[in-house]
Amino acid sequence: MDSPATARPSWYRNPRILLAVVAVAVFLIDLAAKTTVVRHMDYGEKIHVLGPFSLYFVKNPGAAFSMATGYTWVLTLIAVGVVVWIVRMGSKLTSLPWALGLGLVLGGALGNLADRIFRAPGVFRGHVIDFFSVGDWFPVFNTADSAISVAAVLLVALTLFGRDPYEGFGEKRTRTDQPRTTDDNARTTGSEATDA
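Residues numbered from 1 in each chain as written. Predicted model: local features only at pLDDT ≥ 70, side-chain atom pairs only at ≥ 80, totals over all residues. Heavy atoms only, no water.

A few words now on the environment of arginine 125. Checked against the element boundaries, arginine 125 lands in the loop between helix H4 (96-118) and strand E3 (128-133). With a relative accessible area of 43%, arginine 125 lands in the partly exposed category. The spacing of arginine 125 and leucine 75 is 50 residues in sequence and 9.2 Å in space, taken between C-alpha atoms. (Helix = DSSP H or I, 4+ residues; strand = E, 2+ residues; numbered from the N terminus. Buried < 20%, exposed > 50% of the residue type's maximum accessible area, 1.4 Å probe, protein only.)

This is how it looks when you write it as structure tokens:
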């Protein structure tokens, strides 16, 4: 009979699979949300939802939260670099929390990158579809931006708490795993000589 650990789906045990699953899920959710907005809302239309929250269809030529407008092609190259870096890092990843965070970043980066490649006004210059508004005091954003923001908080927390991306989730080095010091080697050598 399988233990509870072995009975879990493989993505619970394989960070690389978890990273891929999260990235694909974020990308598909973002694509579906943007497609729905484009099909059912007019550009510039604003639909009040609740309190300060609204759906507001705008097109963003800049980075997340409408920053760095006018540098669309530069932002596209940066997004491509981020995707390549995460894919390379993910091939060696052994930490599930890091896999979750990087999967969120990868999915969000791919979502906005797809807009820059396939949407008007042209390849690598496309404007990103934004539609979440929380008031005039905050820039309009989308689901990809949200995923990247959540990932940033998670990855900063993992770094502050000393979680290594190349260590297994919940694993800690035991005393026997620690490398021997010179004093330990000397004591071991001395005891072996005494036994002889």
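Having seen the structure, we can now continue with the description.
So, on to the packing of helix H2 (residues 15-40) against helix H5 (residues 143-160). One way to put it is that H2 packs onto H5 with a least axis distance of 8 Å and a crossing angle of 150°. With respect to each other, H2 and H5 are oriented roughly antiparallel. From H2, Val26, Ile29, Asp30 and Ala33 reach across to H5, where they touch Thr143, Ala144 and Ala147. (Axes fitted to C-alpha atoms, helices over the stretch in contact; angles between N-to-C directions. Parallel < 35°, antiparallel > 145°, perpendicular 65-115°, else oblique. Contact = heavy atoms within 4.5 Å.)

The subject of this paragraph is the nonpolar core. Across soluble globular proteins, you tend to see nonpolar side chains buried next to one another. Core analysis: the biggest nonpolar cluster contains 23 residues, and Leu19, Trp98 and Leu102 have the highest contact counts within it. Elements with a contribution of two residues or more to this core: H2, helix H3 (72-90), H4 and H5. For this core, the element with the highest residue contribution is H4, accounting for nine residues. Apart from residues no more than four positions distant in its own chain, leucine 102 is found in contact with Leu19, Trp85, Ile86, Met89, Leu93 and Leu155. By size, the runner-up hydrophobic cluster in this structure holds six residues, among which are Ala33, Val37, Ile129 and Phe131. (Core = buried A, V, L, I, M, F, W, Y, C linked by side-chain atoms within 4.5 Å.)

To continue, consider the UniProt feature "active site" (unreviewed entry) in the chain. Feature annotation in UniProt assigns "active site" (unreviewed entry) to the following positions: Asp130 and Asp145. The greatest C-alpha distance among the residues just named is 9.0 Å, despite their covering 16 residues of sequence, which places them together in space. Along the polypeptide, aspartate 130 turns up in strand E3. Summarising the element assignment, aspartate 145 is placed in helix H5. (UniProt positions renumbered as here; feature names shortened; annotations may be inferred.)

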